[in-house]
Amino acid sequence: MKQKYEINERLRKFIVDNDKKPSAIADKAGISRDIFSRIINSKRVIFANELPSIADAAGISIEDLLGTEKKAV
């Protein structure tokens, strides 16, 4: 049974919807293309220490990846 990783699926959807190149995101984030492919295909979890670099490289907020909204203070 395939494990569903919501963060990975949000990242994949963002990449597809915004016509981004996964290889470019992987390179900019400093993650091997093979590992990044496994991440966006939900074959590997995204580790917490990878979130900032992946979000920055993709041009998406961490909150959007996590599915949380920023709350006004």
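Structure shown above.
Residues numbered from 1 in each chain as written. Predicted model: local features only at pLDDT ≥ 70, side-chain atom pairs only at ≥ 80, totals over all residues. Heavy atoms only, no water.

1. Focus on the nonpolar core
- Counting 18 residues, the largest nonpolar core has Leu11, Phe36 and Ile54 as its most contacted members.
- Looking at which element gives the most residues to this core, the answer is helix 4 (residues 51-58), with five residues. (Core = buried A, V, L, I, M, F, W, Y, C linked by side-chain atoms within 4.5 Å. Buried < 20%, exposed > 50% of the residue type's maximum accessible area, 1.4 Å probe, protein only. Helix = DSSP H or I, 4+ residues; strand = E, 2+ residues; numbered from the N terminus.)

2. Some points on helix 3 (residues 33-40)
- Three or more residues of helix 3 are buried, namely Phe36, Ile39 and Ile40. Summarising the axial view, the buried residues of helix 3 lie within an arc of 90°, below the 170-degree limit, and thus occupy one face.
- Summarising the contacts, the buried residues of helix 3 are in contact with helix 1 (6-17), helix 2 (22-29) and helix 4.
- After helix 3 finishes, the residue Ser42 shows a positive phi value of roughly 55°. (Arc of directions from axis to C-beta. Contact = heavy atoms within 4.5 Å.)

3. A word on the environment of Ile40
- Along the chain, Ile40 falls in helix 3.
- Judged by relative accessible area, Ile40 falls into the buried class, the value being 8%.
- When the C-alpha positions of Ile40 and Lys13 are compared, they lie 9.0 Å apart, and in sequence the two are 27 residues distant.

4. Points about helix 2
- Ile25, Ala26 and Ala29 are the residues of helix 2 that are buried. Projected down its long axis, helix 2 carries its buried residues within an arc of 100°, all on one side.
- Check the buried side of helix 2 and you find it contacts helix 1, helix 3 and helix 4.
- Phi turns positive, to about 75°, at Gly30, one or two residues after helix 2.

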